[in-house]
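Observations on the model geometry
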Amino acid sequence: MLPATPEEIWKAVLCDMELSLSKAHFTTWFKNTSIVSRDQNSVTVSVPNGFVKEWLENKFNKQIIYSIRKLSNEIREVRYIIGQPKPEPIRQDFSKMIVDRDLQEQTSGEQNQEIDKTTSLNKKYSFNSFIVGSANELAFACAQSVSQCIVGNLPKPYNPLFIYGGVGLGKTHLVQSIGNAVLEKAPERKVLYASGEKMVSAIVEGIRNRTIEDLKNLYSGLDLLIIDDIQFIAGKEKMQEIVFTIFNEIHNKNRQVVMTSDRPPTAIPAIEERLLSRLVGGMLADINAPDFETRVAILKAKSAEKGVVFSDEVLSYIGTHIQKNIRELEGALNRVIALSQIYNRVPDLKETKNILNAYLAVPYRKTSPQIILKTVADFYNISPADLTKRSRKKEVVKPRQVAMYLLREEIKLSFPDIGQKLGGRDHSTVIHACEKIKREEQADEPLKNELTMIRQRVYDSFE
Ligand code: ADP
Ligand code: MG
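Okay, so let's go over this structure.

Reading the values: the criteria
- Residues numbered from 1 in each chain as written.
- Chains lettered and ligands numbered in written order.
- Predicted model: local features only at pLDDT ≥ 70, side-chain atom pairs only at ≥ 80, totals over all residues.
- Heavy atoms only, no water.
- Pairing = 2+ DSSP bridges.
- Helix = DSSP H or I, 4+ residues; strand = E, 2+ residues; numbered from the N terminus.
- Axes fitted to C-alpha atoms, helices over the stretch in contact; angles between N-to-C directions.
- Contact = heavy atoms within 4.5 Å.
- Buried < 20%, exposed > 50% of the residue type's maximum accessible area, 1.4 Å probe, protein only.
- Lys, Arg positive; Asp, Glu negative; His and termini not counted.
- Salt bridge = Lys/Arg side-chain N within 4 Å of Asp/Glu carboxyl O.
- Polar contact = N/O pair within 3.5 Å; in protein donor to acceptor, adjacent residues only side chain to side chain.
- 1 Å grid on protein atoms, 1.4 Å probe; cavity = no way out; pocket = protein on both sides within 12 Å on 5 of 7 lines; lining within 4 Å.
- Points joined across faces, edges and corners; volume = space filled by probe spheres on them.
- Nonpolar A, V, L, I, M, F, W, Y, C, P; charged D, E, K, R; others polar.
- Phe/Tyr/Trp six-rings, centres within 6.5 Å; stacked < 30°, edge-to-face > 60°.
- Lys NZ or Arg CZ within 6 Å of the ring centre and 35° of its normal.
- Near = heavy atom within 4 Å.
- Areas by Shrake-Rupley, 256 points an atom, 1.4 Å probe, with all protein chains shown as cover.
- Parallel < 35°, antiparallel > 145°, perpendicular 65-115°, else oblique.

Let's shift gears to the sheet that holds strand E4 (residues 161-165). In spatial order, the strands read E5-E6-E7-E4-E8; together these five strands make up an open sheet with parallel pairing. Here the strands that pair on one side only, and so sit at the sheet edges, are strand E5 (191-195) and strand E8 (283-287). Strand after strand, the sheet turns through a mean of 15 degrees between neighbouring axes, direction not considered. Pairing of E4 with strand E7 (residues 256-261), which is carried by four bridges, proceeds in the parallel orientation. The residue of E7 that forms the bridge with Leu161 is Val258. Against the sheet, helix H7 (residues 171-185) makes contact with E4, E5, strand E6 (224-228), E7 and E8, and its axis sits at roughly 165 degrees relative to E6, the strand it touches most.

Okay, the environment of Ile233 next. Examined against the element boundaries, Ile233 turns out to sit in the loop between E6 and helix H10 (237-252). Judged by its relative accessible area of 1%, Ile233 falls in the buried class. It is 7.7 Å that separates the C-alpha atoms of Ile233 and Glu197, two residues lying 36 residues apart in sequence.

Attention shifts here to the side chain of Arg425. With respect to the helices, strands and loops of the structure, Arg425 is situated in the loop between helix H20 (415-421) and helix H21 (427-443). For the buried Arg425, no salt bridge is present, and the opposite-charge side chain at shortest range is Asp386, 10 Å distant. Within the structure, the side chain of Arg425 is placed 2.5 Å from the backbone oxygen of Leu422, a separation counted as a polar contact. Apart from residues lying up to four places away in sequence, Arg425 is in contact with Leu387, Thr388, Lys389, Arg390, Ser391, Arg400, Met404, Gly419 and Gln420.

Okay, empty space enclosed by the protein next. Evaluated as defined, the whole model comprises two cavities of 30 Å³ or more. Approximately 30 Å³ is the volume found for the second largest cavity. Top element by residues in the lining of the second largest cavity is H10. It accounts for three residues. Within the lining of the second largest cavity, the residues separate by chemical class into four nonpolar, two polar and two charged.

Turning our eyes to something else, we now look at the layout of surface pockets. One number sums up the size of the second largest pocket: a volume of about 430 Å³. As for the second largest pocket, its lining consists of 15 residues, and the residues nearest its centre are Lys62, Arg392, Gln401, Arg425 and Thr429. Looking at the lining of the second largest pocket residue by residue, the classes come out as four nonpolar, six polar and five charged.

Counted according to the given criterion, the structure contains six aromatic pairs. Taking 6.4 Å as the distance between ring centres and 55 degrees as the angle between the ring planes, the aromatic pair formed by Phe162 and Tyr164 counts as tilted. A residue is classified by how much of its surface remains accessible, and Phe162, at 0% relative accessible area, is buried. With a centroid separation of 5.1 Å and an interplanar angle of 80 degrees, the aromatic rings of Phe379 and Tyr380 are classed as edge-to-face. Under the relative-accessibility criterion, Tyr380 is labelled buried at 18%. For Lys59, the ring lying beneath its charged end belongs to Trp55, and the centroid distance is 5.6 Å. Across from the ring centre of Phe415, 3.9 Å away, lies the NZ or CZ of Arg408, which sits over that ring.

Before going further, it helps to spend a moment on the site of ligand 1. Taken together, 18 residues lie near ligand 1, and Gly168, Lys171, Thr172, His173 and Glu330 sit nearest. Gly170 has a polar backbone atom sitting 3.1 Å from an oxygen atom of ligand 1. One nitrogen or oxygen atom from the side chain of Lys302 is found 3.0 Å from a nitrogen atom belonging to ligand 1. The fraction of the free accessible surface of ligand 1 (550 Å²) that becomes covered by protein chains is 93%. When the residues that make up the shell around ligand 1 are grouped by side-chain class, the tally is seven nonpolar, seven polar and four charged.

What follows deals with the packing of helix H8 (residues 196-208) against H10. Orientation of H8 relative to H10, taken along the N-to-C sense of each, is 100 degrees, at an axis distance of 11 Å. In terms of axis orientation, H8 runs roughly perpendicular to H10. Across from Met199, Val200, Ile203, Val204 and Ile207 in H8, the residues of H10 making contact are Met239, Ile242, Val243, Ile246 and Phe247. The class makeup of the residues in the contact of H8 with H10 is ten nonpolar, no polar and no charged.

What follows is about the sheet that holds strand E3 (residues 77-82). Pairing between sheet strands relies on hydrogen bonds along the backbone, with the strands arranged either parallel or antiparallel. The mixed open sheet is built from three strands, whose spatial order is E1-E2-E3. Two strands close off the open sheet at either side, each with one partner strand: strand E1 (34-38) and E3. Across the sheet, the mean angle separating the axes of adjacent strands is 30 degrees when strand polarity is ignored. Of the strand pairs in this sheet, E1 and strand E2 (residues 42-47) are connected by four bridges, and their pairing is antiparallel. Within E2, the position partnered with Ser34 by the bridge is Ser46. The sheet strands contacting helix H1 (residues 6-20) are E1 and E2, and the helix crosses E1 at an angle near 140 degrees. On the sheet, helix H3 (residues 50-71) packs against E2 and E3 and is oriented at approximately 155 degrees with respect to E3.

For the coordinates displayed, the defined rule picks out 18 salt bridges. Here Arg79 and Glu77 are joined by a salt bridge, their closest N and O atoms 3.5 Å apart. We note a salt bridge from Glu351 to Arg345, for which the minimum N-O separation is 2.7 Å. Taken together, the shared-partner salt bridges connect Asp39, Glu77 and Arg79 into one network.

Take unusual backbone geometry next. The linkage connecting Asn159 with the following residue, Pro160, adopts the cis geometry, with an omega of -5 degrees. Residue placement: Pro160 occurs in the loop between helix H6 (137-151) and E4. A positive phi is found at Ser120, a non-glycine position, where the angle reads about 60 degrees. Residue Ser120 is classed as partly exposed on the basis of its relative accessible area of 27%.

Structure representation (structure tokens):
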């Protein structure tokens, strides 16, 4: 076989990285990178700026080497230099791919059609369609008050407003509603909604193109800046510094910031002291899992929206059996509605039970990280606590990697979340473990059997 060319090698790295990163991160860290030279045991990679260099060196180096060595085993080292990469076909292909995908994302999917280009708000979210119960009433009241203060140009008592809670509990719905309510009453206000991931990549882009001042001006010229899932700035020091200055400016101008996160500010890892005190200096409101009454009210509202009227016993059956979050509740309801459309009548309790039993039997809905961790630990005869310890002993390293792999495969947790659950490990460690076990599962018969048995136990624990 011919030795791989630098272009081929880098293309393979990009493919691997693209698979393991979100699109925003991939674009941020790998756009305009290429191999500029290669000798016996090392390659030199050109990167667009110092920020990217630092990240590739510190966060992705292991993974990059790992990918390279799949093609070119003698490479031991990767050096990163800041430079203008020379135009090469492979890079052009690649940037074209990124652009194409952007276009695709913008033009496909009915959901996207409702997203406003300037504000990134989705019109479907409103206060009116948000059902209030004891688990979310504080957040709801704050959200309404914030929108009224912006509309009326009043002082802002809740600034920033920080809403936190688990996945699928209505954070995005609520903060988008703030933006929509403001624009409905005062269309001249400047509002921008961005995910934390988007903000991070916009800032990186700004640093790279030396347009960071423009970006800061853009943000601080807004009447309302909404950052959804701010936890993405965790651990990124330089980023936090910039976010801090942006928030400060907005605050000084009496403009409003609203943020959401899956956890309270104090639980965001490696958050800078100054930024933390800025975040907790406003209003913190949590959203919890909805109680039974709220679940049924939500089901009633959502089915009415779709023009279907279910009996109370059907709704309370669904509300009793699906408790975790509202996204799942909607999923189950949609399933019942879809089948009722197929059969052309509203299902009764017995039919609903059948539909939902099938729905609930989908394996990944039935397991949880705790069950996976406990089952893996039991299987390998160690304690669940061993999985999160810092130990590098062989007896715990493998079970830990297996646990990571199963959390990824069975529950689709994100790499950073998996790292978090297993004792605060870096996401690159998790990626490495998942890839390793995935590869070995193909080749290594005993491991394959072990994984089968563990999976069986994980799902059997529900029978
Ligand atoms: P999060 O951002 O917290 O993960 P979302 O805001 O995306 O959750 O909510 C998930 C789904 O549940 C959305 O379709 C949303 O409209 C719906 N939802 C959440 N909370 C409520 C609520 N209180 N009333 C009505 N629908 C809700
Ligand atoms: Mg959300």
